[in-house]
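Here is how the chains run, residue by residue.
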Amino acid sequence: MLTFDRVFKRYPDAGDALSDVSFHLDKGEMRYLTGHSGAGKSTLLKLIAMIERSSRGQLLVDGQNLGQMRDRQIPFLRRKLGLIFQDYKLLFDRTVFDNVALPLLVTGMGQYEIARRVRAALDKVGLLGKENKYPLALSGGEQQRIGIARAVVNKPAIILADEPTGNLDPELSAEIMHLFEQFKQVGVTVLIATHDIELISRFDHKILQLEHGRLINQHA
Amino acid sequence: MKSVKQNKDLGANTHKSVRRGNEGRISKLLQRHKVSLMASLWRLLATPYTTAMAVMVMAIAITLAGSFYVLVSNSEQLVNSLQTGKQISLFLEGGISDQQASKLAQELRANELIEQVTLITKQQALAEFKQYSGFGVALNALEGNPLPAVLQVYPKETLTEAYQLKQLMAQMQNEKAVDIAQMDMAWVTRLQSIIQIVSRVVLLLSSLLALAVVFITGNTIRSELQERHDEVVVTKLVGGTNTFICLPFLYAGFWYGFISGVLAWLIISLMLLMIDGPLGQLSLLYQSQFQLHFLTIGESALLIFSASALGIIGAFAVVSQQLRLVKPE
Ligand SMILES: Nc1ncnc2c1ncn2[C@@H]1O[C@H](COP(=O)(O)OP(=O)(O)OP(=O)(O)O)[C@@H](O)[C@H]1O
Ligand SMILES: [Mg+2]
């Protein structure tokens, strides 16, 4: 489902953010991506979503070679992914409902179906009943959960989560982890970048550990 | 409660899948376009100040171009209406008596190129002059009648070319009794060529104004694009295609063009209405058949259509160029 083969990423004047990264994730596999701040976690996730292109190496997502992908195809790659961003990336002039509906709206789905799926997603993150609120009227943790709902609303094949529990209390974090595990159960591949040692110890999954852009410990 | 709702869902779903044919998809697509078309209109109306500024400037540009067009087409029509009254006036020598004059008129009437000849005798000329000039009293003081008899010659309708008329005039000029042959057409022809030049200039100016409309729309859309930068980025991140992201901006461009077009049409029509009255009086004074030419339905549609098209072009130029620059980060 997801294969890195000797992938490098160099930012123009910041040196190598990722060096010689190789790993493979099967369908329905769930991993943590850990490492110190600046280790390259967000960069790795960005490569998978084609937010950045790799400088060297081969990257396969769902059988597609990203190195050969044209710009026009990128939107269709992203529709297979559920992206959760470190900084949420919400639209503050749109309601919670409209934020979560966006990934469905771009596919041209009918309004009825959109409404049904958005409510289901909001229900999963415990935000049902807040559809018509604006993100700024919600707490940090609630905003984060809007981002999570938006990532899962299109039933993605791969979930890429960048610090998804950064602003959540242990109880909510556990709920979100349960949600991810449910997705894993139905065959979704999940990759979670996190610093949250406590979370990792509570929910046991394999770890990809980055240090200065290199994978150092694939199986902890 | 929940199961009831689910049943309802199921029912709606089957109903939908039955209708899911090509037709259904197209009508769905149209429906969606209609929705986003209206959505971008509401968005424009939500920022009335910015919208009004852009629309006013664009409307002025379009009004200028439209007025030029109206001016030229009316001038053309005016000149043409003058042309239908084309006639040649033969001012006869002072020594020619009324009898001789009417004999000449008879001869001319036999000419196959001439439709009609009317004689204005010396007395008639004087009477007319007295009545219309207001110099009646002064003329009374004159001894005798200084005015010549005049033959007004109306060539046949079939004589349309300028050279034919000139030939006929030269022929009559050669008549001994004729002092001056004067064609009322000469200045009309000159006017026509002036109008032709003016219409070229107007075409050039209108093209420049159209370009201005494109640039104004483009500029407005550019700042809107900057304002909605986050939205564009997030939409890209969740898998929105460039087409999907472009459409609202193209719609916005359309609305800018359309609204300014309608506004320009209103202004032009209002201006025409305002000058219609005074012009009518003037026209009456000159015994002209001239009637002010308003924009026809076709021309009005063309005006508004062109304005809308220019708006879309301006938006497209900016969006297609800018969207490639936006990198989601
Ligand atoms: N757009 C960019 N241009 C230049 N350098 C960048 C860019 N993005 C990231 N970097 C650099 O790449 C390295 C890895 O950054 P990255 O954001 O992937 O770290 P991270 O592991 O996600 O850190 P954190 O835990 O703080 O989020 C850092 O040294 C950073 O300075
Ligand atoms: Mg990061």
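Residues numbered from 1 in each chain as written. Chains lettered and ligands numbered in written order. Predicted model: local features only at pLDDT ≥ 70, side-chain atom pairs only at ≥ 80, totals over all residues. Heavy atoms only, no water.

### Some points on the site of ligand 1
Thought 1: Around ligand 1 sit 14 residues in total, of which Ser37(A), Gly38(A), Lys41(A), Ser42(A) and Thr43(A) are the nearest.
Thought 2: Taken together, the residues near ligand 1 originate from chains A and B.
Thought 3: The side chain of Tyr11(A) places a nitrogen or oxygen atom 3.5 Å from a nitrogen atom of ligand 1.
Thought 4: Side-chain polar atom of Ser42(A) to an oxygen atom of ligand 1: 2.7 Å apart, as the coordinates give it.
Thought 5: At three residues, the largest contribution of residues to the shell around ligand 1 is made by helix H1 (residues 41-48) of chain A.
Thought 6: Partitioning the shell around ligand 1 into residue classes produces four nonpolar, eight polar and two charged. (Near = heavy atom within 4 Å. Polar contact = N/O pair within 3.5 Å; in protein donor to acceptor, adjacent residues only side chain to side chain. Helix = DSSP H or I, 4+ residues; strand = E, 2+ residues; numbered from the N terminus. Nonpolar A, V, L, I, M, F, W, Y, C, P; charged D, E, K, R; others polar.)

### Some remarks on the coordination of the magnesium ion (ligand 2)
All names here are of chain A.
Thought 1: For the magnesium ion (ligand 2), the full set of protein donor atoms is Ser-42 (OG) and Gln-86 (OE1), and the range of their distances to it is 1.9 to 2.4 Å. Placement of the pair is Ser-42 in helix H1 and Gln-86 in the loop between strand S6 (81-84) and helix H3 (96-105), with a sequence separation of 44 residues.
Thought 2: Look at Gln-86 and you get partly exposed, because its relative accessible area is 44%. (Donors = N, O, S within 2.8 Å, 3.2 Å for Na, K, Ca; no water. Buried < 20%, exposed > 50% of the residue type's maximum accessible area, 1.4 Å probe, protein only.)

### Considerations on the domain arrangement of chain B
Thought 1: Taken domain by domain, chain B comprises domain 1 (30-80 + 192-325) and domain 2 (88-182).
Thought 2: Taken over C-alpha atoms, the centre of domain 1 of chain B sits 53 Å from the centre of domain 2 of chain B. (Domains from an automatic or database assignment.)

### Some words on H3(A)
Thought 1: Most of H3(A) sits inside the fold, with eight of its ten residues counted as buried.
Thought 2: Looking only at H3(A), the buried set comprises Val96(A), Phe97(A), Asn99(A), Val100(A), Ala101(A), Leu102(A), Pro103(A) and Leu104(A).
Thought 3: Elements in contact with the buried residues of H3(A): helix H4 (111-124) and helix H5 (140-152) of chain A together with helix H9 (229-237) of chain B. (Contact = heavy atoms within 4.5 Å.)

### Topic: the interface of chain B and chain A
Thought 1: Facing 19 residues of chain B, the contacting portion of chain A comprises 23 residues.
Thought 2: In total, chain B and chain A occlude about 2000 Å² of area from one another, counting both sides; carbon and sulfur atoms represent 57% of this.
Thought 3: At the junction of chain B and chain A, the tally comes to one salt bridge.
Thought 4: Where Glu231(B) meets Arg94(A), a salt bridge forms, and the shortest distance between an N and an O atom there is 2.5 Å. (Buried area = accessible area lost by both parts, 1.4 Å probe. Salt bridge = Lys/Arg side-chain N within 4 Å of Asp/Glu carboxyl O.)

### Examining the environment of Phe249(B)
Residues and elements named next belong to chain B.
Thought 1: Considering the arrangement of structural elements, one finds Phe-249 in helix H10 (residues 242-285).
Thought 2: Look at Phe-249 and you get buried, because its relative accessible area is 2%.
Thought 3: Note: C-alpha distance between Phe-249 and Phe-316 (67 residues apart in sequence) is 7.9 Å.
Thought 4: Beyond its immediate sequence surroundings of up to four residues, Phe-249 is in contact with Ile-221, Glu-224, Leu-225, Arg-228, Val-232, Ala-315 and Val-319.

### With respect to the packing of H3(A) against H5(A)
Residue and element names in this part refer to chain A.
Thought 1: Relative orientation of the contacting elements H3 and H5 amounts to 30 degrees, with a least axis distance of 7 Å. In terms of axis orientation, H3 runs roughly parallel to H5. Relative to H5, H3 is oriented so that their crossing is right-handed. Of the residues in H5, those in contact with Val-96, Asn-99, Val-100 and Pro-103 of H3 are Ile-146, Ala-149 and Arg-150.
Thought 2: Across the contact of H3 with H5, the residue classes break down as five nonpolar, one polar and one charged. (Axes fitted to C-alpha atoms, helices over the stretch in contact; angles between N-to-C directions. Parallel < 35°, antiparallel > 145°, perpendicular 65-115°, else oblique. Left-handed = near helix turned anticlockwise from the far one by under 90°.)

### A short note on the packing of aromatic side chains
All names here are of chain B.
Thought 1: A full pass over the atoms with the stated rule returns four aromatic pairs over all chains.
Thought 2: On the numbers, 5.6 Å between centres and 25 degrees between planes, the contact of Phe-254 with Phe-258 is stacked. Within this pair, Phe-254 and its partner Phe-258 are both found in helix H10, separated by four residues, close to a single helical turn.
Thought 3: Note on Phe-254: relative accessible area 21%, which makes it partly exposed. (Phe/Tyr/Trp six-rings, centres within 6.5 Å; stacked < 30°, edge-to-face > 60°.)

### Digging into the nonpolar core
Thought 1: Phe4(A), Phe23(A), Leu44(A), Ile48(A), Val61(A) and Leu191(A) are the most contacted members of the largest nonpolar core, which has 63 residues in total.
Thought 2: In terms of nonpolar packing, the next biggest core, distinct from the first, is built from 42 residues, Met109(A), Ile114(A), Val152(A) and Ala161(A) among them. (Core = buried A, V, L, I, M, F, W, Y, C linked by side-chain atoms within 4.5 Å.)

### Points about the sheet that holds strand S2 (residues 114-120) of chain B
Residue and element names in this part refer to chain B.
Thought 1: As summarised here, the arrangement of the four strands in space is S2-S3-S1-S4, forming an open sheet in which the pairing is antiparallel. Edge positions in the sheet fall to S2 and strand S4 (178-183), since each of these pairs with one other strand and no more. Averaged over all pairs of adjacent strands, the angle between their axes in this sheet comes to 20 degrees, without regard to strand direction.
Thought 2: Of the pairings in the sheet, the one linking strand S1 (residues 88-92) to S4 comprises five bridges and is antiparallel in character. The residue bridging Phe-91 from the neighbouring strand is Ile-180, located in S4. (Pairing = 2+ DSSP bridges.)

### Description of the environment of Pro12(A)
Thought 1: Following the sequence through the fold, Pro12(A) ends up in the loop between strand S1 (2-11) and strand S2 (15-25).
Thought 2: C-alpha of Pro12(A) to C-alpha of His205(A): the two residues are 193 residues apart in sequence and 34 Å apart in space.

### Overview of the pairing of S2(A)
Residue and element names in this part refer to chain A.
Thought 1: By the bridge criterion, seven bridges tie S1 to S2 in an arrangement that is antiparallel. In the strand pairing of S2, Thr-3 is matched with His-24.
Thought 2: Hairpin remark: S1 followed by S2, antiparallel, with three residues in the connecting loop.

### Digging into unusual backbone geometry
Across the chain, the bulk of peptide bonds are trans and the bulk of non-glycine residues have phi less than zero.
Residue and element names in this part refer to chain A.
Thought 1: Positioned with a positive phi, Asp-62 is a non-glycine residue whose angle comes to about 50 degrees.
Thought 2: Here Asp-62 lies in the loop between strand S4 (56-61) and strand S5 (64-65).
Thought 3: With relative accessibility at 37%, the residue Asp-62 sits in the partly exposed group.
Thought 4: Backbone geometry places His-212, a non-glycine residue, at a positive phi of 45 degrees.

### Structural notes on the pattern of salt bridges
As a working rule, side chains carrying opposite charge can pair if their charged atoms are close by.
Thought 1: Applying the stated criterion across every chain yields a total of 16 salt bridges over all chains.
Thought 2: We note a salt bridge from Arg116(A) to Glu113(A), for which the minimum N-O separation is 3.1 Å. Separated by three residues within a single helix, Arg116(A) and Glu113(A) lie in helix H4, roughly one turn from each other.
Thought 3: Among the ionic pairs, Arg228(B) bridges to Glu231(B), the shortest N-O distance being 3.1 Å.

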